[in-house]
Amino acid sequence: MANKQIIPAEQILPPKLFILPIIGKPIFPGIFTPLIIHSNEDVNLVHQALSGDQFIGLSLTDSADTDDISSTDLFRVGTVAKIIKKINLPDGGINIFVSTLKRFKIKKFISGMAPITAAVSYLDSTNADSDEVKALTRALITEMKQISENNPLFSEEMRLNMVNIDHPGKITDFITSILNIDRLDQQKILETLDIRKRMEKVLIFIKKEQDLIRIQKKIQNQINEKISKSQREYILREELKAIKNELGLAVDARSQEYNKFKELVDKLKLKGEVKDQVESELEKFSLLESTSPEFAITRNYLETIVNLPWNPPEPREIDMEKAKKILDEDHYGLIDVKERILEYLAVRKRKQDSKGSIICLVGPPGVGKTSVGKSIARALGKKFFRFSVGGMRDEAEIKGHRRTYIGAMPGKIIQGLKIVKTADPVFMIDEIDKLGVSYQGDPSSALLEVLDPEQNVAFRDHYLDLPFDVSNILFITTANTLDTIPSPLLNRMEVIHLSGYITEEKVAIAKKYLIPKSLEKHGFKKRDITYSTEALKAIARDYAREAGLRNYEKCVDKIHRKIAKESYFSRIKFPLKIEAEGLVKYLKKPVFQFEMQKILKPGMAIGLAWTSMGGETLTIEAVANPGKEGFKLTGQMGEVMQESANIAYTYVRQIADRHGVSRDYFENNQIHLHIPAGATPKDGPSAGITMASCLLSLVTDRKIRPFLAMTGELSLVGRVLPIGGLKEKTIAAKRNKIKEIIIPHENLKDLEEIPDYIKKGIKFHPVTDMSEVVEKLFR
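Residue numbers run consecutively from 1 along every chain, following the written order of its sequence. Predicted model: local features are reported for residues with pLDDT of at least 70 only, side-chain atom pairs are reported and counted for 80 or more only, and whole-chain, interface and lining totals are derived from all residues. To obtain the side-chain values, all non-hydrogen atoms of the structure were used and water was disregarded.

**Student:** Mind showing me how you'd approach the environment of Lys-102 here?
**Tutor:** Position of Lys-102 relative to the elements: it lies in strand 5 (residues 94-111). The cut-offs for exposure are 20% and 50% of the maximum accessible area for each residue type, with area from a 1.4 Å probe on protein chains only; residues under the lower value are buried, those over the upper are exposed, and the others partly exposed. The class for Lys-102 is partly exposed, based on a relative accessible area of 25%. Along the backbone, Lys-102 and Phe-75 are 27 residues apart, and their C-alpha atoms lie at a distance of 16 Å. Residues count as neighbours in contact if any of their non-hydrogen atoms are within 4.5 Å of one another. In this view, Lys-102 contacts Leu-13, Pro-29, Gly-78, Thr-79, Val-80, Tyr-122, Leu-123 and Asp-124; residues no more than four positions away in its chain are not counted. Working definition: helices are DSSP H or I runs of at least four residues, strands are E runs of at least two. Numbering for both runs from the N terminus.

**Student:** Explanation requested: helix 19 (residues 550-569) in the structure shown.
**Tutor:** Given 3.6 residues per turn, any residue in an α-helix points the same way as the ones three and four places further on. What a helix is expected to span follows from its residue count: subtract one and scale by 1.5 Å. Along its 20 residues, helix 19 runs 29 Å from first to last C-alpha, staying within 8% of the 28 Å computed at 1.5 Å per residue. What helix 19 keeps buried is the set Tyr-552, Cys-555, Val-556, Asp-557, Ile-559, His-560, Ile-563 and Glu-566. For helix 19, the elements touching its buried residues are helix 17 (503-521), strand 14 (529-531), helix 18 (533-542), strand 15 (576-578) and helix 20 (583-587).

**Student:** Would you take a moment to explain unusual backbone geometry for this structure?
**Tutor:** Residues other than glycine predominantly adopt negative phi, and peptide bonds predominantly adopt the trans conformation. At the junction of Phe-574 and Pro-575, the peptide bond is cis and its omega measures out at 0° in the coordinates. Considering the arrangement of structural elements, one finds Pro-575 in the loop between helix 19 and strand 15. The phi angle at Lys-588 is positive, at roughly 65°, despite the residue not being glycine. Take Lys-588: it is sitting in the loop between helix 20 and strand 16 (604-611). With a phi angle near 55°, Gln-636 is a residue other than glycine that sits in the positive phi range.

**Student:** Quick question: what am I supposed to make of the sheet that holds strand 9 (residues 426-430) here?
**Tutor:** Sheet strands associate in pairs through backbone hydrogen bonding, adopting either a parallel or an antiparallel arrangement. Spatially, 8-9-12-7-13 is the arrangement adopted by the five strands of the open sheet, whose pairing is parallel. Looking at the sheet topology across the chains shown, the edges are occupied by strand 8 (384-388) and strand 13 (494-497). Taken pair by pair, the neighbouring strands of this sheet meet at an average axis angle of 20°, ignoring direction. We call two strands paired when DSSP finds no fewer than two bridges between them. Summarising the sheet, strand 9 and strand 12 (residues 474-479) pair through four bridges and their orientation is parallel. In the strand pairing of strand 12, Met-428 is matched with Ile-476. The axes are straight lines fitted to the C-alpha atoms, using for helices just the contacting stretch, and the angles between their N-to-C directions are given from 0 to 180°.

**Student:** Would you mind going over the side chain of Arg-103 with me for this structure?
**Tutor:** Of note, Arg-103 is situated in strand 5. On the accessibility criterion, Arg-103 (4% relative accessible area) is buried.

**Student:** Where do I start with the pattern of salt bridges in this structure?
**Tutor:** Opposite charge on two side chains permits them to pair, given that their charged atoms come into close proximity. Salt bridge criterion: a side-chain nitrogen from Lys or Arg within 4 Å of a carboxyl oxygen from Asp or Glu. Applying the stated criterion across every chain, the model contains 27 salt bridges. Residues Glu-281 and Lys-284 are paired through a salt bridge, measuring 3.7 Å at the closest nitrogen-oxygen approach. Taken together, the positions of Glu-281 and Lys-284, both in helix 8 (residues 272-287) and three residues apart, correspond to about one turn of that helix. Using a relative accessible area of 5% as the deciding quantity, one classes Glu-281 as buried. Its salt-bridge partner being Lys-521, residue Asp-557 comes within 3.0 Å of it at the nearest N-O pair.

**Student:** How should I be thinking about a nonpolar patch on the surface in this particular structure?
**Tutor:** Residues forming no salt bridge and having over 30% relative accessible area are the ones grouped into patches, like charges within 9 Å of each other and nonpolar side chains (Val, Leu, Ile, Met, Phe, Trp, Tyr) within 5 Å. Accessible areas in this description were obtained via Shrake-Rupley with a 1.4 Å probe; residue shielding takes into account the shown protein chains only. A contiguous nonpolar surface patch, about 340 Å² in accessible area, is contributed by Ile-215, Ile-219, Ile-223 and Ile-227. Looking at where Ile-219 falls in the secondary structure, it is placed in helix 6 (residues 195-247).

**Student:** Could you clarify how one ought to interpret the packing of aromatic side chains in this entry?
**Tutor:** Pairing of aromatic rings covers Phe, Tyr and the six-membered ring of Trp, with a centre-to-centre limit of 6.5 Å; geometry is then stacked below 30 degrees between planes, edge-to-face above 60, and tilted otherwise. For the structure shown, the criterion picks out 12 aromatic pairs. Between Phe-261 and Phe-285 the ring centres are 5.6 Å apart and the planes differ by 75°, which places this aromatic pair in the edge-to-face class. Here Phe-285 lies in helix 8 and Phe-261 lies in helix 7 (residues 253-268), a separation of 24 residues in the sequence. For the pair formed by Phe-261 and Phe-285, the shared burial category is buried. Note on Phe-427 and Phe-475: the rings are 6.0 Å apart at their centroids and 90° apart in plane angle, and the pair reads as edge-to-face. With Phe-427 in strand 9 and Phe-475 in strand 12, this pair connects stretches of sequence that are 48 residues apart. Of the two residues examined, Phe-427 and Phe-475, each falls in the buried class. Members of the aromatic cluster, joined through ring pairs, are Phe-385, Phe-387, Phe-427 and Phe-475. Two limits define a charge over a ring: the Lys NZ or Arg CZ must be within 6 Å of the ring centre, and within 35 degrees of the ring normal. Its end group placed over the ring of Phe-55, Lys-82 keeps NZ or CZ at 4.7 Å from the ring centre. The ring of Phe-261 has Lys-260 lying over it, and the distance from NZ or CZ to the ring centre is 5.0 Å.

**Student:** Got a minute to help me understand the confidence of the model for the protein chain in this structure?
**Tutor:** Should pLDDT be low for a region, the predicted coordinates there are not to be read in detail. On a range of 0 to 100, pLDDT expresses the predictor's confidence in each residue. Taken residue by residue, the protein chain gives an average pLDDT of 83. The fraction at 70 or more is 92%. Predicted confidence in the protein chain is weakest over helix 3 (residues 156-164), with a mean pLDDT of 61, and strongest over strand 23 (residues 740-744), with 94.

**Student:** Could you clarify how one ought to interpret the packing of helix 18 against helix 19 in this entry?
**Tutor:** Helices that pack against each other are described as a pair by the angle of their axes relative to one another and the distance between those axes. Where helix 18 contacts helix 19, the two axes come as close as 10 Å, and the packing angle between them is 125°. Looking at the two axes, helix 18 sits oblique to helix 19. For the crossing formed where helix 18 meets helix 19, the hand is right-handed. Contacts from Leu-536, Ile-539 and Ala-540 of helix 18 reach helix 19 at Tyr-552, Cys-555 and Ile-559. Should an angle fall under 35 degrees it is taken as roughly parallel, and over 145 as roughly antiparallel, whereas 65 to 115 is taken as roughly perpendicular and any remaining angle as oblique. The crossing is said to be left-handed when, going from far helix to near helix, the turn is anticlockwise and less than a right angle, and right-handed when the turn is clockwise.

**Student:** For this particular structure, what's the right way to read the pairing of strand 12?
**Tutor:** Working note: regular strand, side chains alternate between the two faces of the sheet. Most of strand 12 sits out of view: six of its six residues are buried. Residues Leu-474, Ile-476 and Thr-478 point to one face of strand 12 and Phe-475, Thr-477 and Ala-479 to the other, with burial holding for every one of them. Here five bridges tie strand 7 (residues 358-362) to strand 12, and the two strands are oriented parallel to one another. Paired with Ile-358 across the bridge in strand 12 is Phe-475.

**Student:** Could you clarify how one ought to interpret the nonpolar core in this entry?
**Tutor:** By nonpolar core is meant a set of buried Ala, Val, Leu, Ile, Met, Phe, Trp, Tyr and Cys residues that side-chain atoms within 4.5 Å join together. Of all hydrophobic cores here, the largest spans 58 residues; its most connected members are Ile-675, Ile-689, Met-691, Leu-695, Ile-741, Met-770 and Val-773. Broken down by element, the residue count for this core peaks at eight residues, all from helix 23 (residues 688-700). Leave out the neighbours within four places in its chain, and Met-691 touches Ile-620, Met-641, Ser-644, Ala-645, Ala-648, Leu-673 and Ile-675. Ranked by size, the runner-up nonpolar core spans 52 residues in total, among them Ile-326, Leu-345, Tyr-501 and Ile-509.

**Student:** It is not clear to me how helix 23 should be interpreted in this structure. Could you clarify?
**Tutor:** Here helix 23 contains 13 residues, and its C-alpha end-to-end distance of 18 Å stays within 8% of the 18 Å for a straight helix at 1.5 Å per residue. Burial within helix 23 is extensive, with 13 of its 13 residues counted as buried.

**Student:** Could you clarify how one ought to interpret the side chain of His-560 in this entry?
**Tutor:** Mapped onto the elements, His-560 comes out in helix 19. With relative accessibility at 0%, the residue His-560 sits in the buried group. At 2.8 Å, the side chain of His-560 and the side chain of Ser-518 are in polar contact. Every residue in contact with His-560, bar those within four places of it in the chain, is listed here: Ile-515, Ser-518, Leu-519, His-522, Phe-524, Ile-529 and Tyr-531. What qualifies as a polar contact is a pair of N or O atoms within 3.5 Å, subject to a donor-acceptor requirement within protein and to the restriction that residues adjacent in sequence count only when both atoms come from side chains.

**Student:** What is the right way to look at the packing of helix 10 (residues 320-330) against helix 11 (residues 335-351) in this model?
**Tutor:** It is at 11 Å that the axes of helix 10 and helix 11 come closest, and there the two elements cross at 155°. As far as their axial angle goes, helix 11 and helix 10 are roughly antiparallel. Helix 10 and helix 11 meet at a crossing whose hand is right-handed. In contact with Met-320, Ala-323, Lys-324, Leu-327 and Asp-328 of helix 10, helix 11 contributes Lys-338, Ile-341, Leu-342, Leu-345, Ala-346 and Lys-349. Partitioning the contact of helix 10 with helix 11 into residue classes produces seven nonpolar, no polar and four charged. The nonpolar class holds Ala, Val, Leu, Ile, Met, Phe, Trp, Tyr, Cys and Pro. Asp, Glu, Lys and Arg form the charged class, and all remaining residues, Gly among them, are polar.

Rendered as structure tokens:
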């Protein structure tokens, strides 16, 4: 008995083992490790092992994602382990601590399904005492020390364990278990019983690990070098800034800009969303490098922010006397327009605000819409900004571009506020009736928000993307006609009509404004050139017969240019007086050969029309051609005007017998009605009574009285219905020496609004029925 070796109890290994499948990586002999077990089958297997000899076999599955594991899914070589301790987990699983002892090989499976049991044989390592193994052992320990020094995951305890293990096979197994090696490669090492070969395999993996660590270290060094350089530069810059601040020197450009923006933003007293967004942009700006593309975008955005008038405007006192004086100084006539503007200013003065203020000035070109807007700004003591929307087809012109686009900029509203630098300027939006629509959006819809007093308190420009109060702006829009303005937009505006000027008004304006302005523009003194009243009337009559004064001003400028040229090439004695007879020398032949609208024979009548260029007189002509019955229309008439002509024809045919006209007349004649000029499109119902009068004059062969004009819509039963644009039509009649005008009775209210100096010399005949018109047609 004394010669027998004493064997520890845990080394008496059973011939049969419960096999616990290992899904992760194989577990090598000589290791004390915990295992967490969740599946019910494995938990039952552990309990059975504990109730017996407490040994289990640990065998690796051939796939890491195997479900329903059976004996066919397991490798035949594994590790036997003794269960040292078991801890129950709250989720029903268990945590066991095992001590792995030795390799085994499965001879056969006793049970192929859970719990898997097998008959095993135990494997011993070979070739443990050769010199090569000793040399490889030293090489392994040396290489692993190098790895452990560069890998923080290797603890001091691991290093000590590696040094204290005295068996080459166990050292190899320990190193394999802690290296980052693929599970299948580890299984191959587990199955290698020759220690020298096992060491050689492990040494190859150590070399691979060292190569990875070397590359990782190189990358890390490069990153650290960059970080260190950036940190060093940052620290040096901060120190430089501190030194410059201490010495009172200028800091770097970016910091200077940041400090400037910060100071300006603090003065703005921003609140809520605006404050949060601007502070966020400021912080971003401080962190951006000047070479970054975002740097310029953010700087431009902050420049826009700090140049906008965010603070509420100071209340202004409106001096009504001064406002009236300015309007009278700047504009001749326009009495009703001035009255409307003064009424508006009076309301503003009483309310002490300008919210909800949108004025629309409507009138022909050249009547002074833009200059009226400037006068309003001057009368209010406010800054004036004008932009035109004529032909605009992109809503971004109004609401700006989003900052995602290169070259993005705010819309015209924000641009204007940035220029005037005050929250309550006067904004003039010119040509609002000529807005376009395209695939890029509808600018008129974008203007709805701008011109709506309920919405523009928080107007959001796409570029700013912040609420901005534009309700303190006094918006003035201009248009030549209301027909093309969308009704939702028109409803937001207070319309003021500016009619055209009669000859006397043009002469007075020329004397007071146009001639002095033109003389100064062309380098003449006020007394150098004078005009006779007849000459000024002749310019209005023969060269500038439109409703406005633009062509009149061009004619005056042309005369002064000619005189300026002649003063250098021929002797001209100043002062020079321009007479009516001398206009041909400077302006050539008259553009308009003034022919008073005359009734030359039966079948002619003078009508009054309104166009976007102002009022006009029309001579309507009709002739009868013997032959087949018919009614022909020419002169570019629109659909409404053609309907009016047909109504007039039907009405005259109905009443013809009362005036001694045979009914056979219409059956035996084709009547042709024409409205000159043929190249000009015409439309509207207001020429109804004029066309009926023209046809009645033709069929009765009676000439209409001279100097008589008329306007009014005719119904099928002979009623005379109201029309629009009476003031413009009256001005056109006065220009053409008309003495009498027949108007609808319902237009008397419009007649009262026309100034007396325009009505002077004209007799008005209000009528309700065509029979009253007929009474006044003939002598």
